[in-house]
Amino acid sequence: MDKTAVREYLIDLQQRISAALLQRDPDVHYLEDNWQRPEGGGGQSRVFSEGAVFEKAGVNFSHILGSALPASASQRRSDIAGRRWEAMGVSLVIHPNNPYVPTSHANVRFFVAEEEGVEPVWWFGGGYDLTPYYGFEEDCQHWHQTAQAACAPFGESRYADLKRWCDEYFFNKHRNEARGVGGLFFDDLDGDFDESFAFLRSVGDSFLPAYLPIVDRRKDTEWGERERNFQLYRRGRYVEFNLVYDRGTLFGLQSNGRIESILMSLPPLVRWEYGFEPEPGSAEARLTDTFLPPRDWL
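Residues numbered from 1 in each chain as written. Predicted model: local features only at pLDDT ≥ 70, side-chain atom pairs only at ≥ 80, totals over all residues. Heavy atoms only, no water.

K.L.:
Could you give me a rundown of a nonpolar patch on the surface, with the residues and numbers involved?
P.N.:
Judged by side-chain polarity, Leu243, Val244, Leu253, Ile259 and Leu263 come together as a nonpolar surface patch covering roughly 440 Å² of accessible area. Along the chain, leucine 263 turns up in the loop between helix H7 (259-262) and helix H8 (283-291). (Patch = residues over 30% accessible without salt bridge, like charges linked within 9 Å, V, L, I, M, F, W, Y side chains within 5 Å. Areas by Shrake-Rupley, 256 points an atom, 1.4 Å probe, with all protein chains shown as cover. Salt bridge = Lys/Arg side-chain N within 4 Å of Asp/Glu carboxyl O. Helix = DSSP H or I, 4+ residues; strand = E, 2+ residues; numbered from the N terminus.)

Next up, the structure:
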């Protein structure tokens, strides 16, 4: 186990993604916020806002320590809840201006739980998912083909397993509706450290090739009030998931995390409309009828 190598990779990943966003939107308002956590550790939040391409985006790095691991940190390791712990990761959410450009989320993380007299317990987790407002087959296919290519060296079933896990995780149960068109989700990845770390890097490195071609393809598409209103309405579903179900949000709150960084994922503007139903056969209706139900995008 090499915690230093993981930390160095995550810091570099944050830098590469931040540089790519600034290259796409050089006039965006950019803020770096370095912070320390009283209980131990800290991080850097990078926030992009009011740009021509990105209405709001955040790329966070954190490396924090604590004395009692929250139960939300691991799905299947309730036996180690309460141990002292260390967590590091990069988490990002991108909310574009143009409703034809999807929102996207990505996260890669590493946990270590330690107790005197026993071997440390470590694991990796992460993934990425895509949340379009207007669906395009070629965008979804490109997204999933890139995800599949990132998984291919690590086993024939790796992509299918993590794609299914993503579909199940990013699901608003109270709406009986997927948050988006999925991608990859994994947690509790352990075993051989070198192989597990290599897979984390493969996922992290594939995010920009998965997302930026979609941004470039859609960012100049003309849009108006109708598309903007629908984008803000659908953002409400995103907010509902993050505040009700997201384990990253829950972990941040349970670990006395930094609220500004935890809630950075929320869009700057959103709307809820009572009983809204899109016109049958419209582009808005196609999102929920055709794109959101889980399917084989390959």
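K.L.:
Give a detailed account of the pattern of salt bridges, specifying residues and quantitative values.
P.N.:
Taken as a whole and judged by the stated rule, the model has 23 salt bridges. Glutamate 138 is paired through a salt bridge with arginine 217; the nearest N and O atoms lie 3.8 Å apart. Separated by 79 residues along the polypeptide, glutamate 138 in helix H2 (residues 137-151) and arginine 217 in helix H4 (residues 193-218) bring together distant segments of the chain. Here arginine 226 and glutamate 284 are joined by a salt bridge, their closest N and O atoms 2.6 Å apart. Residue arginine 226 is found in helix H5 (residues 225-244), and its partner glutamate 284 is found in helix H8; the two are separated by 58 residues along the sequence.

K.L.:
Tell me what's going on with the sheet that holds strand S3 (residues 54-66), and back it up with residues and numbers.
P.N.:
The sheet built from seven strands is open, its strands ordered S1-S2-S3-S4-S5-S6-S9 with antiparallel pairing. The strands lining the two open edges of the sheet, one partner per strand, are strand S1 (29-36) and strand S9 (182-189). Neighbour-to-neighbour, the strand axes of the sheet open up by a mean angle of 5°, direction not taken into account. Pairing analysis gives 11 bridges linking strand S5 (residues 103-114) to strand S6 (residues 121-131), with the strands arranged antiparallel. Note that in S6 the partner of alanine 113 across the bridge is valine 121. Where helix H1 (residues 3-24) meets the sheet, it contacts S1, strand S2 (41-49), S3, strand S4 (84-96), S5 and S6, and its direction lies at approximately 170° from that of S3. Strand contacts of H4: S3, S4, S5, S6 and S9, with the helix running at about 15° to S6, the strand carrying the most contacts. (Pairing = 2+ DSSP bridges. Axes fitted to C-alpha atoms, helices over the stretch in contact; angles between N-to-C directions. Contact = heavy atoms within 4.5 Å.)

K.L.:
For unusual backbone geometry, give the residues involved together with the corresponding values.
P.N.:
The phi dihedral of glutamate 50 is positive, around 55°, even though this residue is not glycine. With respect to the helices and strands, the residue glutamate 50 is situated in the loop between S2 and S3. The class for glutamate 50 is exposed, based on a relative accessible area of 70%. Phi is positive for asparagine 176, close to 55°, though the residue is something other than glycine. Within the secondary structure, asparagine 176 sits in the loop between strand S7 (171-172) and strand S8 (177-178). (Buried < 20%, exposed > 50% of the residue type's maximum accessible area, 1.4 Å probe, protein only.)

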